[in-house]
Amino acid sequence: MAAAAGVAPVSARFLTSKEQFHAFLRARGEPSGRGGGEDGEEIEEKKEDEEEDVGSPQSEPPAKRVRPEEPGQDGESREEDGAAEKEPVERKRARGQNKSRPCMKPTRYEQNRLCPSVTQGCAEKCYFGARCRFLHDVGEYMATKPGDLGHSCVLFQTFGKCIYGVTCRFAQSHLGAGYQNIVNADLAKQWEGKTLVRNNLSKDLQHQLRKKKFNFKKADEYLRSLSKPHGDGGKGGKATGCSAEEQEVPNCTTAQEGLGDGPECPVRPEQGEDPKPDAWQSGEEPSFIKTAGPVTDEDLIKLRACEKKKLEIQGKLYLAPLTTCGNLPFRRICKRFGADVTCGEMAVCTNLLQGQSSEWALLKRHHTEDIFGVQLEGAFPDTMTKCAELLNQTIEVDFVDINVGCPIDLVYKKGGGCALMTRTNKFEQIVRGMNSVLDVPLTVKIRMGVQEKMNVAHKIIPKIREWGASMVTLHGRSREQRYTRGADWDYIAECARIASPMPLFGNGDILSYEDANRALQMGVSGIMIARQVLVFPPRF
């Protein structure tokens, strides 16, 4: 057949019809042997039916043949297996330790490794005894030891003794005759009894926190006062004008901070007098807890608000609590360059209450940090108050700061950070509760507001002063602004006048000495430096 114009001719062996194609398929699908009996008749009938279908011009190709069900090894059909395959199999989520990971532990120890008992100078008391696999011959160890890396050991020069002894890679500066470790007695005596890094988490305390055996006496007392109904008919969960600790002690003779327009704090009656019915707003007599042991001044006379330690940091340079960056080594660098006040990274109160070692590492304090504080983040008065009492009893700090300025969604959506500025009732309960259990000053760090053009800091700062905070730090941006615009120092100066006599530190866009000097002239008590120190620590 001649091809049409413009169409390439097709070879005859590629030309076929629909009937020929199906006949070819039937020829390939026939079994090699011819079946007899009923099975052979059924096959012939099927062939005839298929030929009739193929003969009609509008017939469809035959349906695919279904393989007959084969019995399993146990004689049962595979219907149940097919039903099980149709159901989606839920994949279990991997949890716990990944025990199938490659093991990174060494399969054997070095043959020429010196025993730790020899390094520490007590070779006669080996910890491993007769099973020890390490070397005890110092001469043999020194013969195979690689050369020293330098001529001076910083540990020996600083503390008068190197704890690594002959294993130190700078050992030639503090080794004497017979490979004995030299000790500078005068220098070592200066460091005797001193701790370089404080506020560590002990195993005993971690066990108490994990087993929930730590005693939160003051925090529980304050939380019970929140749940009691008050005489003014208000809700039990609303904070009153006085804290649980202030309800047990007489009022200060001077103007007491934190009372404001709230109800007056009742005074405990003296010994020998009957408690008056109106002494407690709850209408019930106070329950005194009987204790055993010697009576101290703390049992008889509680620390009043006006007797708490004052935070005298006006006019000093304050290093901001930089999350993920303001760790202990970085704070030591900034302290060397002139920072006056340092603060640890933001610590989540719930993680601290659970005894997490990674969270407690944020509270560590170097001995060179003379004015040091920690910053806590939380959203509820129970966890924040308990965490404040925990830190008050276990670590050494000069102040505790509440983070009410964190803008990230992870914290904000849980009700912490900037969200507390819109939850004034919870905010008040947190400040009053933490202030009642702390023996050190309480500070608060806030922003101008949550939304960009709705500043609320000037309304909250007077309340924070009434609640008992000792200082406020104001960041001159809102949560929505983040760092898209410059800090509003005019608004910071206005809030500083409103906060008086409470100190207010300003924060935001302190890029140079001129910016710092200009900010101090606007009426703030001091300045907090944050991002620019990351770029250039000598900014102080």
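Cut-offs and rules
Residues numbered from 1 in each chain as written. Predicted model: local features only at pLDDT ≥ 70, side-chain atom pairs only at ≥ 80, totals over all residues. Heavy atoms only, no water. Disulfide = S-S within 2.5 Å. Helix = DSSP H or I, 4+ residues; strand = E, 2+ residues; numbered from the N terminus. Buried < 20%, exposed > 50% of the residue type's maximum accessible area, 1.4 Å probe, protein only. Polar contact = N/O pair within 3.5 Å; in protein donor to acceptor, adjacent residues only side chain to side chain. Pairing = 2+ DSSP bridges. Right-handed = clockwise from strand over helix to strand, strands pointing away. Axes fitted to C-alpha atoms, helices over the stretch in contact; angles between N-to-C directions. Contact = heavy atoms within 4.5 Å. Salt bridge = Lys/Arg side-chain N within 4 Å of Asp/Glu carboxyl O. pLDDT = per-residue confidence, 0-100. Lys, Arg positive; Asp, Glu negative; His and termini not counted. Parallel < 35°, antiparallel > 145°, perpendicular 65-115°, else oblique. Left-handed = near helix turned anticlockwise from the far one by under 90°. Nonpolar A, V, L, I, M, F, W, Y, C, P; charged D, E, K, R; others polar. Phe/Tyr/Trp six-rings, centres within 6.5 Å; stacked < 30°, edge-to-face > 60°. Lys NZ or Arg CZ within 6 Å of the ring centre and 35° of its normal.

With that out of the way, let us pick up the state of the cysteines. Summed over all chains, the structure comprises 0 disulfides. In this structure C168 is a free cysteine whose sulfur lies 3.9 Å from that of C162, the closest cysteine sulfur available.

Looking now at the environment of R497. Among the structural elements, R497 can be located in helix α18 (residues 489-499). Separated by 25 residues in the primary sequence, R497 and M522 place their C-alpha atoms 9.8 Å from one another.

Another aspect to go through is the side chain of T383. By the element assignment, T383 lies in helix α14 (residues 381-394). Take T383: its relative accessible area is 18%, and that puts it in the buried class. Within the local environment of T383, its side chain forms a polar contact with the backbone oxygen of F380, the two atoms lying 3.2 Å apart.

Here the focus is the pairing of strand β6 (residues 399-404). With 6 of 6 residues buried, β6 lies mostly within the body of the structure. What you see with β6 is no split at all: F399, D401 and N403 on one side and V400, I402 and V404 on the other are buried throughout. Relative to β6, strand β5 (residues 372-377) is paired through 4 bridges, and the arrangement is parallel. Across the sheet, the residue bridging to V374 is V400, located in β6. One crossover worth recording links β5 to the parallel β6 by way of α14, and it is right-handed. Here 5 bridges tie β6 to strand β7 (residues 442-447), and the two strands are oriented parallel to one another. Its bridge partner lying in β7, V400 is registered against L442.

This part covers the sheet that holds β6. A sheet is described by the order of its strands in space; here 8 strands give the open sequence β2-β10-β9-β8-β7-β6-β5-β3, paired in parallel fashion. Both edges of this open sheet fall to β2 (317-319) and β3 (342-348), since each of them pairs with a single strand only. In this sheet, neighbouring strand axes are inclined to one another by 25° on average, regardless of whether the strands run parallel or antiparallel. Strand contacts of helix α17 (residues 457-467): β7, β8 (471-475) and β9 (504-507), with the helix running at about 170° to β7, the strand carrying the most contacts.

Moving on, we get to the pattern of salt bridges. Counted under the stated rule, the structure contains 11 salt bridges. Among the salt bridges present, the one from D509 reaches R477, with a minimum N-O distance of 2.5 Å. In this pair, D509 sits in the loop between β9 and α19 (513-520) while R477 sits in the loop between β8 and α18, placing the two residues 32 residues apart along the sequence. Through salt bridges with shared partners, a single network forms among R477, D509 and R531.

For any part of a model where pLDDT is low, the fine detail of the predicted coordinates should not be relied upon. Averaged over all residues, the pLDDT of the chain is 78; the fraction at 70 or higher stands at 71%. Counting interchain partners and residues more than four positions distant, the pLDDT-below-50 stretch residues 32-43 has 1 contact. Here residues 53-57 scores under 50 on pLDDT; set against residues more than four positions off or in separate chains, the count is 5 contacts.

Take E389: it is sitting in helix α14. Lacking a salt bridge, the buried E389 has K218 as its closest oppositely charged neighbour, with an N-O distance of 6.3 Å. A polar contact of 2.8 Å, which involves the side chain of E389, links it to the backbone nitrogen of A219. Ignoring any residue separated from it by four or fewer positions in sequence, one finds E389 in contact with N215, F216, K217, K218, A219 and V437.

At a closest axis distance of 9 Å, the pairing of α14 and helix α16 (residues 424-437) adopts a crossing angle of 20°. Between α14 and α16, the angle falls in the class roughly parallel. Considering how the two elements wind past one another, α14 and α16 form a crossing that is right-handed. Mapping the contact onto sequence places P381, M384, T385, A388, E389 and N392 in α14 and K426, Q429, I430, G433, M434 and V437 in α16. Among the residues forming the contact of α14 with α16, the class breakdown is 6 nonpolar, 4 polar and 2 charged.

It is worth spelling out the packing of aromatic side chains at this point. Summed over all chains, the structure comprises 5 aromatic pairs. Residues F214 and F216 carry aromatic rings whose centres are separated by 4.9 Å and whose planes lie at 55° to one another, so their mutual orientation is tilted. Per residue, the accessibility class of F214 equals that of F216, and both read buried. Aromatic side chains F427 and W467 sit 5.3 Å apart centroid to centroid with 75° between the ring planes, which places their arrangement in the edge-to-face category. Taken together, the positions of F427 in helix α16 and W467 in helix α17 put the pair 40 residues apart, joining distant regions of the chain. By relative accessible area, F427 is classed as buried at 0%. Here the aromatic residues Y318, F399 and F505 are joined through ring pairs into a cluster of three or more. Across from the ring centre of W191, 5.8 Å away, lies the NZ or CZ of K194, which sits over that ring. One Lys or Arg, R479, reaches over the ring of Y412 and ends 3.8 Å from the middle of that ring.

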